[in-house]
There are 2 protein chains.
Amino acid sequence: MRLSARVDYALRAAAELAATDSRAVTAEHLATTQKIPRKFLENILLQLRRAGLVRSLRGAEGGYLLARPPAEISLADIIRGVDGPLANVRGERPEHLNYSGTALPLQRVWIALRASERAILETVTLADIASGELPVSVREIAEDPQAWLARPTG
Amino acid sequence: MRLSARVDYALRAAAELAATDSRAVTAEHLATTQKIPRKFLENILLQLRRAGLVRSLRGAEGGYLLARPPAEISLADIIRGVDGPLANVRGERPEHLNYSGTALPLQRVWIALRASERAILETVTLADIASGELPVSVREIAEDPQAWLARPTG
DNA sequence: ACCGTCTCGACAGGAATAATCGGATCATGC
DNA sequence: GCATGATCCGATTATTCCTGTCGAGACGGT
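The following refers to the structure shown. (Residues numbered from 1 in each chain as written. Chains lettered and ligands numbered in written order. Predicted model: local features only at pLDDT ≥ 70, side-chain atom pairs only at ≥ 80, totals over all residues. Heavy atoms only, no water.)

1. Some details on the overall build of chain A
So, step 1. Each helix and strand in chain A was counted, giving seven helices and four strands.
So, step 2. Considering only C-alpha atoms, chain A reaches an extent of 60 × 35 × 25 Å along its principal axes.
So, step 3. With 154 residues in all, chain A has 49% of them scored as buried.
So, step 4. The long-range fraction of contacts in chain A, counting pairs at least 24 apart against all pairs at least 6 apart in sequence, stands at 53%.
So, step 5. Carbon and sulfur atoms form 49% of the exposed surface of chain A, whose accessible area is close to 7300 Å². (Helix = DSSP H or I, 4+ residues; strand = E, 2+ residues; numbered from the N terminus. Buried < 20%, exposed > 50% of the residue type's maximum accessible area, 1.4 Å probe, protein only. Contact = heavy atoms within 4.5 Å. Areas by Shrake-Rupley, 256 points an atom, 1.4 Å probe, with all protein chains shown as cover.)

2. Examining the packing of aromatic side chains
Aromatic rings considered in pairs are described by the distance between their centres and by the relative angle of their planes.
Residue and element names in this part refer to chain A.
So, step 1. Using the criterion set out here, one finds two aromatic pairs over all chains in the structure.
So, step 2. With a centroid separation of 5.8 Å and 85° between ring planes, the pair formed by Tyr9 and Phe40 is classed as edge-to-face. Here Tyr9 is found in helix α1 (residues 5-19), whereas its partner Phe40 is found in helix α3 (residues 38-50), with 31 residues between them in sequence.
So, step 3. On the accessibility criterion, Tyr9 (5% relative accessible area) is buried. (Phe/Tyr/Trp six-rings, centres within 6.5 Å; stacked < 30°, edge-to-face > 60°.)

3. A closer look at the interface of chain B and chain A
So, step 1. Opposite the 60 residues of chain B that make contact, chain A presents 60 residues.
So, step 2. Regarding the contact of chain B and chain A, the summed buried area is about 5500 Å², with carbon and sulfur atoms giving 64% of it.
So, step 3. For the pair chain B and chain A, the interface holds zero salt bridges.
So, step 4. Where chain B packs against chain A, one counts 31 residue pairs in polar contact (both at pLDDT 80 or more).
So, step 5. Of all the elements in the fold, those that place two or more residues in the side of chain B that touches chain A are β1 (2-3), α1 (5-19), α2 (27-34), α4 (75-83), β4 (88-89), α5 (106-121), α6 (126-131) and α7 (136-143) of chain B.
So, step 6. The element best represented in the side of chain B that touches chain A is α5(B), accounting for 15 residues.
So, step 7. Partitioned by chemical class, the residues of the side of chain B that touches chain A number 36 nonpolar, 10 polar and 14 charged.
So, step 8. Where strand β4 (residues 88-89) of chain A and β1(B) come together, two bridges link them in parallel fashion. Paired with A:Asn88 across the two strands is B:Arg2, which belongs to β1(B). (Buried area = accessible area lost by both parts, 1.4 Å probe. Salt bridge = Lys/Arg side-chain N within 4 Å of Asp/Glu carboxyl O. Polar contact = N/O pair within 3.5 Å; in protein donor to acceptor, adjacent residues only side chain to side chain. Nonpolar A, V, L, I, M, F, W, Y, C, P; charged D, E, K, R; others polar. Pairing = 2+ DSSP bridges.)

4. Some words on the packing of α3(A) against helix α4 (residues 75-83) of chain A
Residues and elements named next belong to chain A.
So, step 1. It is at 9 Å that the axes of α3 and α4 come closest, and there the two elements cross at 110°. Between α3 and α4, the interaxial angle falls into the category roughly perpendicular. Once α3 is placed against α4, the crossing between them reads as right-handed. Contacts from Ile44, Gln47 and Leu48 of α3 reach α4 at Ile78, Gly81 and Val82.
So, step 2. When the residues that make up the contact of α3 with α4 are grouped by side-chain class, the tally is four nonpolar, two polar and no charged. (Axes fitted to C-alpha atoms, helices over the stretch in contact; angles between N-to-C directions. Parallel < 35°, antiparallel > 145°, perpendicular 65-115°, else oblique. Left-handed = near helix turned anticlockwise from the far one by under 90°.)

5. Some thoughts on the protein's contact with DNA strand D
So, step 1. Taken together, 26 residues lie around DNA strand D, and A:Ala5, A:Lys39, B:Arg2, B:Ala27 and B:Ser56 are the ones closest in.
So, step 2. Protein-proximal atoms of DNA strand D, defined as those within 4 Å of the protein, fall in sugar or phosphate at a share of 63%.
So, step 3. The side chain of A:Asn43 places a nitrogen or oxygen atom 3.4 Å from a base oxygen of DNA strand D.
So, step 4. The side chain of A:Arg58 places a nitrogen or oxygen atom 3.0 Å from a base nitrogen of DNA strand D.
So, step 5. Counting residues per element, the ones that place at least two in the surface near DNA strand D are α1 and α3 of chain A together with α3 (38-50), β2 (54-57) and β3 (63-66) of chain B.
So, step 6. Looking at which element gives the most residues to the surface near DNA strand D, the answer is α3(B), with six residues.
So, step 7. Partitioning the surface near DNA strand D into residue classes produces nine nonpolar, seven polar and 10 charged. (Near = heavy atom within 4 Å.)

6. Focus on the relation of the copies chain B and chain A
So, step 1. Rotating chain B by 180° and moving it 0.0 Å along the rotation axis overlays it on chain A with an RMSD of 0.1 Å. Here the symmetry operator amounts to a two-fold rotation axis. In terms of C-alpha distance to the rotation axis, chain B has B:Met1 as its closest residue, with the C-alpha 2.0 Å off the axis.
So, step 2. Looking at chain B, 100% of its interface residues are interface residues in chain A too, so the copies touch through the same face. (Least-squares fit on C-alpha atoms with pLDDT ≥ 70 in both.)

7. Description of the protein's contact with DNA strand C
So, step 1. Near DNA strand C you find 24 residues, and of these A:Arg2, A:Glu42, A:Ser56, B:Ala5 and B:Lys39 are the closest.
So, step 2. Across the atoms of DNA strand C situated within 4 Å of the protein, the share located in sugar and phosphate is 67%.
So, step 3. The side chain of A:Arg50 places a nitrogen or oxygen atom 3.3 Å from a sugar or linking oxygen of DNA strand C.
So, step 4. Where the surface near DNA strand C is concerned, the elements lending two or more residues are α3, β2 (54-57) and β3 (63-66) of chain A together with α1 and α3 of chain B.

8. A few points about the side chain of A:Arg12
So, step 1. Relative to the assigned elements, A:Arg12 resides in helix α1.
So, step 2. In this structure the side chain of A:Arg12 is engaged in a polar contact, spanning 2.3 Å, whose partner is the backbone oxygen of A:Gln34.
So, step 3. Excluding anything up to four places from it in sequence, A:Arg12 contacts A:Gln34, A:Lys35, A:Ile36, B:Arg90, B:Tyr99, B:Ala103 and B:Leu106.

9. A short note on the pairing of β3(A)
Residues and elements named next belong to chain A.
So, step 1. On β3, burial covers both faces: Gly63 and Leu65 on one face and Tyr64 and Leu66 on the other are all buried.
So, step 2. Relative to β3, β2 is paired through four bridges, and the arrangement is antiparallel. Of the residues in β3, the one forming a bridge with Ser56 is Tyr64.
So, step 3. Here β2 folds back onto β3, and the loop between the two strands holds five residues, one of which, Gly59, carries a positive phi near 75°.

If you want it as C-alpha coordinates, here you go:
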(Lines give C-alpha, C1' and ligand atoms only; values in the text may rest on other atoms or scores of the structure.)
Protein backbone atom coordinates (compact mmCIF):
# COMPACT_ATOMS: atom_id res chain seq x y z
CA MET A 1 0.00 0.00 0.00
CA ARG A 2 1.57 3.19 -1.16
CA LEU A 3 -0.54 6.31 -1.18
CA SER A 4 0.66 9.12 -3.43
CA ALA A 5 0.39 12.77 -2.46
CA ARG A 6 -2.24 13.11 -5.14
CA VAL A 7 -4.51 10.54 -3.51
CA ASP A 8 -3.88 11.90 -0.05
CA TYR A 9 -4.81 15.40 -1.17
CA ALA A 10 -7.89 14.19 -3.01
CA LEU A 11 -9.19 12.39 0.04
CA ARG A 12 -8.55 15.25 2.40
CA ALA A 13 -10.22 17.71 0.06
CA ALA A 14 -13.17 15.37 -0.36
CA ALA A 15 -13.44 14.98 3.39
CA GLU A 16 -13.53 18.74 3.71
CA LEU A 17 -16.25 18.94 1.08
CA ALA A 18 -18.24 16.28 2.87
CA ALA A 19 -18.09 18.30 6.06
CA THR A 20 -19.34 21.44 4.34
CA ASP A 21 -22.58 20.14 2.99
CA SER A 22 -24.54 21.97 0.32
CA ARG A 23 -22.36 25.07 0.10
CA ALA A 24 -19.75 25.47 -2.60
CA VAL A 25 -16.20 25.68 -1.30
CA THR A 26 -13.43 27.41 -3.23
CA ALA A 27 -10.22 25.65 -4.16
CA GLU A 28 -8.43 28.39 -2.25
CA HIS A 29 -10.26 27.52 0.96
CA LEU A 30 -9.64 23.80 0.60
CA ALA A 31 -5.98 24.46 -0.12
CA THR A 32 -5.38 26.54 2.99
CA THR A 33 -7.39 24.50 5.49
CA GLN A 34 -5.79 21.24 4.38
CA LYS A 35 -2.36 22.63 3.47
CA ILE A 36 -2.39 21.56 -0.14
CA PRO A 37 -0.57 23.39 -2.96
CA ARG A 38 -3.31 25.31 -4.61
CA LYS A 39 -2.73 24.77 -8.31
CA PHE A 40 -2.02 21.13 -7.72
CA LEU A 41 -5.30 20.85 -5.90
CA GLU A 42 -7.17 22.50 -8.76
CA ASN A 43 -5.71 19.83 -10.95
CA ILE A 44 -6.99 17.12 -8.67
CA LEU A 45 -10.42 18.66 -8.28
CA LEU A 46 -10.73 18.74 -12.03
CA GLN A 47 -10.02 15.02 -12.11
CA LEU A 48 -12.64 14.44 -9.47
CA ARG A 49 -15.13 16.43 -11.45
CA ARG A 50 -14.46 14.45 -14.62
CA ALA A 51 -14.91 11.29 -12.61
CA GLY A 52 -18.34 12.57 -11.67
CA LEU A 53 -17.56 12.80 -7.97
CA VAL A 54 -17.71 16.57 -7.48
CA ARG A 55 -19.60 19.40 -9.10
CA SER A 56 -18.23 22.87 -9.65
CA LEU A 57 -19.64 26.34 -9.91
CA ARG A 58 -17.89 29.25 -11.54
CA GLY A 59 -18.02 32.92 -10.74
CA ALA A 60 -18.40 34.66 -7.41
CA GLU A 61 -19.90 32.33 -4.81
CA GLY A 62 -18.44 29.56 -6.94
CA GLY A 63 -16.43 26.58 -5.81
CA TYR A 64 -16.74 22.83 -5.47
CA LEU A 65 -19.23 20.50 -3.89
CA LEU A 66 -19.85 16.78 -3.87
CA ALA A 67 -21.89 15.40 -6.75
CA ARG A 68 -23.61 12.86 -4.50
CA PRO A 69 -24.44 12.62 -0.81
CA PRO A 70 -21.28 11.86 1.20
CA ALA A 71 -22.73 8.54 2.30
CA GLU A 72 -22.77 7.42 -1.31
CA ILE A 73 -19.13 8.14 -2.06
CA SER A 74 -16.58 5.62 -0.87
CA LEU A 75 -12.89 6.20 -0.40
CA ALA A 76 -12.32 3.72 -3.20
CA ASP A 77 -14.33 5.96 -5.52
CA ILE A 78 -12.03 8.86 -4.80
CA ILE A 79 -8.86 6.85 -5.12
CA ARG A 80 -9.91 5.35 -8.42
CA GLY A 81 -11.00 8.77 -9.59
CA VAL A 82 -7.54 10.23 -9.33
CA ASP A 83 -5.20 7.26 -9.47
CA GLY A 84 -6.88 4.59 -11.56
CA PRO A 85 -7.42 1.04 -10.39
CA LEU A 86 -6.81 0.25 -6.73
CA ALA A 87 -4.42 -2.60 -7.29
CA ASN A 88 -1.83 -3.48 -9.84
CA VAL A 89 1.35 -5.46 -10.20
CA ARG A 90 3.90 -3.90 -12.54
CA GLY A 91 1.12 -1.98 -14.21
CA GLU A 92 -1.03 -5.07 -14.80
CA ARG A 93 -4.31 -5.80 -13.07
CA PRO A 94 -4.02 -8.81 -10.77
CA GLU A 95 -6.49 -10.89 -12.77
CA HIS A 96 -4.51 -10.39 -15.99
CA LEU A 97 -1.19 -11.65 -14.74
CA ASN A 98 0.19 -14.79 -16.24
CA TYR A 99 2.69 -16.17 -13.87
CA SER A 100 4.43 -19.38 -14.74
CA GLY A 101 5.81 -22.26 -12.77
CA THR A 102 6.42 -21.90 -9.09
CA ALA A 103 5.22 -18.31 -9.00
CA LEU A 104 1.74 -19.27 -10.08
CA PRO A 105 0.02 -19.21 -6.66
CA LEU A 106 1.16 -15.63 -6.18
CA GLN A 107 -1.68 -14.42 -8.35
CA ARG A 108 -4.25 -15.74 -5.90
CA VAL A 109 -2.49 -13.87 -3.14
CA TRP A 110 -2.76 -10.59 -5.04
CA ILE A 111 -6.42 -11.25 -5.66
CA ALA A 112 -6.97 -11.87 -1.96
CA LEU A 113 -5.02 -8.77 -1.11
CA ARG A 114 -7.10 -6.63 -3.40
CA ALA A 115 -10.33 -8.10 -2.08
CA SER A 116 -9.25 -7.30 1.42
CA GLU A 117 -8.39 -3.73 0.50
CA ARG A 118 -11.72 -3.34 -1.14
CA ALA A 119 -13.44 -4.59 1.97
CA ILE A 120 -12.21 -1.47 3.67
CA LEU A 121 -12.05 1.16 0.96
CA GLU A 122 -15.44 0.38 -0.55
CA THR A 123 -17.05 0.36 2.87
CA VAL A 124 -15.79 3.61 4.30
CA THR A 125 -17.64 6.61 2.89
CA LEU A 126 -17.01 10.31 3.04
CA ALA A 127 -19.89 10.57 5.47
CA ASP A 128 -18.04 8.22 7.81
CA ILE A 129 -14.95 10.41 7.62
CA ALA A 130 -16.89 13.62 8.09
CA SER A 131 -18.70 12.26 11.14
CA GLY A 132 -15.62 10.57 12.53
CA GLU A 133 -17.55 7.33 12.99
CA LEU A 134 -16.00 4.51 11.03
CA PRO A 135 -17.95 1.35 10.20
CA VAL A 136 -17.71 -1.29 12.92
CA SER A 137 -15.79 -3.76 10.77
CA VAL A 138 -13.09 -1.17 10.13
CA ARG A 139 -13.03 0.18 13.65
CA GLU A 140 -12.47 -3.29 15.02
CA ILE A 141 -9.35 -3.65 12.94
CA ALA A 142 -8.06 -0.17 13.70
CA GLU A 143 -8.60 -0.51 17.44
CA ASP A 144 -6.21 -3.42 17.82
CA PRO A 145 -3.07 -1.95 19.41
CA GLN A 146 -1.02 -4.33 17.26
CA ALA A 147 -2.20 -2.47 14.20
CA TRP A 148 -0.47 0.70 15.37
CA LEU A 149 2.95 -0.87 15.76
CA ALA A 150 5.55 -0.14 13.13
CA ARG A 151 6.72 -3.74 13.14
CA PRO A 152 4.33 -6.58 13.81
CA THR A 153 5.27 -8.93 16.61
CA GLY A 154 4.89 -12.65 16.32
CA MET B 1 -1.59 -1.61 -3.49
CA ARG B 2 1.03 -1.07 -6.10
CA LEU B 3 3.66 -3.73 -6.58
CA SER B 4 6.86 -2.62 -8.29
CA ALA B 5 8.73 -4.80 -10.73
CA ARG B 6 11.43 -5.12 -8.12
CA VAL B 7 9.08 -6.67 -5.59
CA ASP B 8 7.44 -8.88 -8.17
CA TYR B 9 10.81 -10.21 -9.29
CA ALA B 10 11.98 -10.73 -5.73
CA LEU B 11 8.94 -12.79 -4.86
CA ARG B 12 9.08 -14.90 -7.97
CA ALA B 13 12.75 -15.59 -7.47
CA ALA B 14 12.16 -16.44 -3.83
CA ALA B 15 9.34 -18.78 -4.80
CA GLU B 16 11.69 -20.52 -7.19
CA LEU B 17 14.30 -20.87 -4.47
CA ALA B 18 11.71 -22.28 -2.12
CA ALA B 19 10.81 -24.93 -4.66
CA THR B 20 14.42 -25.96 -5.11
CA ASP B 21 15.24 -26.85 -1.57
CA SER B 22 18.82 -27.29 -0.37
CA ARG B 23 20.53 -26.88 -3.73
CA ALA B 24 22.08 -23.58 -4.78
CA VAL B 25 20.47 -22.02 -7.84
CA THR B 26 22.32 -19.63 -10.10
CA ALA B 27 21.02 -16.17 -10.89
CA GLU B 28 21.11 -17.17 -14.53
CA HIS B 29 18.72 -20.05 -13.93
CA LEU B 30 16.32 -17.94 -11.89
CA ALA B 31 16.41 -15.24 -14.55
CA THR B 32 15.51 -17.54 -17.41
CA THR B 33 12.86 -19.66 -15.69
CA GLN B 34 11.07 -16.59 -14.34
CA LYS B 35 11.83 -14.23 -17.21
CA ILE B 36 13.64 -11.61 -15.18
CA PRO B 37 16.42 -9.35 -16.51
CA ARG B 38 19.51 -11.00 -15.23
CA LYS B 39 21.61 -8.14 -13.93
CA PHE B 40 18.59 -6.56 -12.35
CA LEU B 41 17.90 -9.83 -10.59
CA GLU B 42 21.46 -10.01 -9.28
CA ASN B 43 20.84 -6.61 -7.78
CA ILE B 44 17.70 -7.81 -6.06
CA LEU B 45 19.27 -11.02 -4.81
CA LEU B 46 22.01 -8.97 -3.25
CA GLN B 47 19.39 -6.97 -1.39
CA LEU B 48 17.75 -10.16 -0.21
CA ARG B 49 21.07 -11.44 0.98
CA ARG B 50 21.77 -8.26 2.94
CA ALA B 51 18.34 -8.55 4.46
CA GLY B 52 19.37 -12.00 5.69
CA LEU B 53 16.77 -13.82 3.63
CA VAL B 54 19.00 -15.70 1.20
CA ARG B 55 22.49 -17.09 1.34
CA SER B 56 24.86 -17.20 -1.57
CA LEU B 57 27.75 -19.34 -2.68
CA ARG B 58 30.41 -18.26 -5.11
CA GLY B 59 32.34 -20.19 -7.66
CA ALA B 60 31.36 -23.26 -9.65
CA GLU B 61 28.35 -24.99 -8.13
CA GLY B 62 27.56 -21.62 -6.60
CA GLY B 63 24.30 -19.77 -6.56
CA TYR B 64 21.61 -18.72 -4.14
CA LEU B 65 19.49 -20.48 -1.54
CA LEU B 66 17.12 -19.45 1.19
CA ALA B 67 18.67 -18.56 4.52
CA ARG B 68 15.80 -20.12 6.46
CA PRO B 69 13.24 -22.86 5.80
CA PRO B 70 10.60 -21.62 3.35
CA ALA B 71 7.91 -22.00 6.00
CA GLU B 72 9.69 -19.37 8.08
CA ILE B 73 9.83 -16.69 5.41
CA SER B 74 6.69 -14.69 4.77
CA LEU B 75 5.90 -12.67 1.69
CA ALA B 76 6.03 -9.59 3.90
CA ASP B 77 9.64 -10.42 4.77
CA ILE B 78 10.59 -10.42 1.11
CA ILE B 79 8.70 -7.25 0.31
CA ARG B 80 10.21 -5.37 3.21
CA GLY B 81 13.61 -6.74 2.27
CA VAL B 82 13.62 -5.08 -1.11
CA ASP B 83 11.14 -2.24 -0.81
CA GLY B 84 11.17 -1.07 2.77
CA PRO B 85 8.04 -0.74 4.91
CA LEU B 86 4.83 -2.28 3.59
CA ALA B 87 2.67 0.79 3.95
CA ASN B 88 3.18 4.50 3.70
CA VAL B 89 1.32 7.65 2.86
CA ARG B 90 3.39 10.24 1.01
CA GLY B 91 6.52 8.63 2.41
CA GLU B 92 5.30 8.74 6.01
CA ARG B 93 4.39 5.69 8.06
CA PRO B 94 0.66 5.64 8.83
CA GLU B 95 1.19 5.98 12.58
CA HIS B 96 3.25 9.15 12.12
CA LEU B 97 0.74 11.13 10.13
CA ASN B 98 -0.69 14.23 11.66
CA TYR B 99 -3.85 15.04 9.87
CA SER B 100 -5.86 18.01 10.93
CA GLY B 101 -9.53 18.88 10.97
CA THR B 102 -11.94 16.87 8.94
CA ALA B 103 -9.27 14.59 7.56
CA LEU B 104 -8.37 13.24 10.96
CA PRO B 105 -10.27 9.93 10.84
CA LEU B 106 -8.39 9.01 7.69
CA GLN B 107 -5.42 7.94 9.71
CA ARG B 108 -7.40 5.18 11.37
CA VAL B 109 -8.42 3.95 7.96
CA TRP B 110 -4.80 3.66 6.87
CA ILE B 111 -3.98 1.78 10.04
CA ALA B 112 -6.81 -0.63 9.39
CA LEU B 113 -5.71 -1.02 5.81
CA ARG B 114 -2.19 -1.85 6.81
CA ALA B 115 -3.36 -4.33 9.42
CA SER B 116 -5.46 -6.05 6.86
CA GLU B 117 -2.57 -6.26 4.41
CA ARG B 118 -0.41 -7.70 7.10
CA ALA B 119 -2.99 -10.32 7.87
CA ILE B 120 -2.31 -11.72 4.43
CA LEU B 121 1.32 -10.96 3.72
CA GLU B 122 2.63 -12.06 7.11
CA THR B 123 0.63 -15.25 6.95
CA VAL B 124 1.54 -16.54 3.53
CA THR B 125 4.99 -18.10 3.48
CA LEU B 126 7.27 -19.21 0.69
CA ALA B 127 6.42 -22.78 1.61
CA ASP B 128 2.77 -22.01 0.91
CA ILE B 129 3.67 -20.64 -2.51
CA ALA B 130 5.97 -23.52 -3.34
CA SER B 131 3.35 -26.11 -2.41
CA GLY B 132 0.52 -24.16 -4.00
CA GLU B 133 -1.55 -24.55 -0.83
CA LEU B 134 -2.45 -21.17 0.59
CA PRO B 135 -3.58 -20.75 4.21
CA VAL B 136 -7.32 -21.25 4.65
CA SER B 137 -7.97 -17.65 5.66
CA VAL B 138 -6.38 -16.41 2.44
CA ARG B 139 -7.91 -19.06 0.24
CA GLU B 140 -11.35 -18.18 1.47
CA ILE B 141 -10.90 -14.61 0.32
CA ALA B 142 -9.33 -15.55 -3.01
CA GLU B 143 -12.03 -18.11 -3.83
CA ASP B 144 -14.82 -15.58 -3.83
CA PRO B 145 -15.64 -14.98 -7.51
CA GLN B 146 -16.29 -11.32 -6.64
CA ALA B 147 -12.61 -10.97 -5.82
CA TRP B 148 -11.67 -11.75 -9.40
CA LEU B 149 -13.79 -9.05 -10.96
CA ALA B 150 -12.09 -5.92 -12.19
CA ARG B 151 -14.82 -3.74 -10.79
CA PRO B 152 -16.69 -4.70 -7.65
CA THR B 153 -20.44 -4.89 -7.92
CA GLY B 154 -22.71 -3.62 -5.21
C1' DA C 1 -18.14 45.79 -17.94
C1' DC C 2 -15.88 43.69 -14.11
C1' DC C 3 -14.43 40.57 -10.72
C1' DG C 4 -13.86 36.10 -8.93
C1' DT C 5 -13.74 31.60 -9.97
C1' DC C 6 -13.13 27.38 -12.47
C1' DT C 7 -10.84 25.19 -16.88
C1' DC C 8 -7.10 22.99 -18.88
C1' DG C 9 -3.14 22.07 -21.55
C1' DA C 10 1.74 22.66 -21.32
C1' DC C 11 5.68 22.09 -18.98
C1' DA C 12 9.64 21.95 -15.74
C1' DG C 13 12.30 19.86 -12.04
C1' DG C 14 13.21 16.11 -9.33
C1' DA C 15 12.71 11.60 -7.57
C1' DA C 16 11.94 6.89 -8.15
C1' DT C 17 12.22 2.95 -10.96
C1' DA C 18 14.18 -0.22 -14.25
C1' DA C 19 17.89 -1.92 -16.16
C1' DT C 20 22.84 -2.21 -17.69
C1' DC C 21 28.06 -2.23 -17.42
C1' DG C 22 32.45 -3.53 -16.10
C1' DG C 23 35.31 -5.15 -13.35
C1' DA C 24 36.68 -7.14 -8.62
C1' DT C 25 36.39 -11.06 -5.82
C1' DC C 26 36.07 -15.67 -4.42
C1' DA C 27 35.57 -21.01 -4.70
C1' DT C 28 36.51 -25.07 -7.08
C1' DG C 29 38.64 -28.46 -10.16
C1' DC C 30 42.48 -29.62 -12.58
C1' DG D 1 48.62 -21.74 -9.98
C1' DC D 2 45.57 -21.14 -13.48
C1' DA D 3 41.16 -21.36 -15.83
C1' DT D 4 36.44 -21.27 -15.06
C1' DG D 5 32.13 -20.14 -13.20
C1' DA D 6 29.87 -17.78 -10.22
C1' DT D 7 28.70 -13.88 -6.91
C1' DC D 8 29.69 -8.99 -5.59
C1' DC D 9 28.92 -4.12 -6.05
C1' DG D 10 29.43 0.67 -7.14
C1' DA D 11 28.59 3.57 -10.99
C1' DT D 12 25.82 4.86 -14.71
C1' DT D 13 22.07 5.42 -17.85
C1' DA D 14 17.36 5.62 -19.46
C1' DT D 15 12.86 6.14 -18.69
C1' DT D 16 8.83 6.93 -16.35
C1' DC D 17 6.26 8.89 -12.65
C1' DC D 18 5.26 12.44 -9.39
C1' DT D 19 4.77 16.89 -7.77
C1' DG D 20 4.00 21.27 -8.59
C1' DT D 21 3.70 25.64 -11.45
C1' DC D 22 2.15 28.93 -15.19
C1' DG D 23 -0.78 31.48 -17.94
C1' DA D 24 -4.44 32.33 -20.80
C1' DG D 25 -9.17 31.41 -21.53
C1' DA D 26 -14.17 30.53 -20.29
C1' DC D 27 -17.87 31.50 -17.56
C1' DG D 28 -21.23 33.24 -13.83
C1' DG D 29 -23.03 36.79 -11.12
C1' DT D 30 -23.71 41.54 -10.26
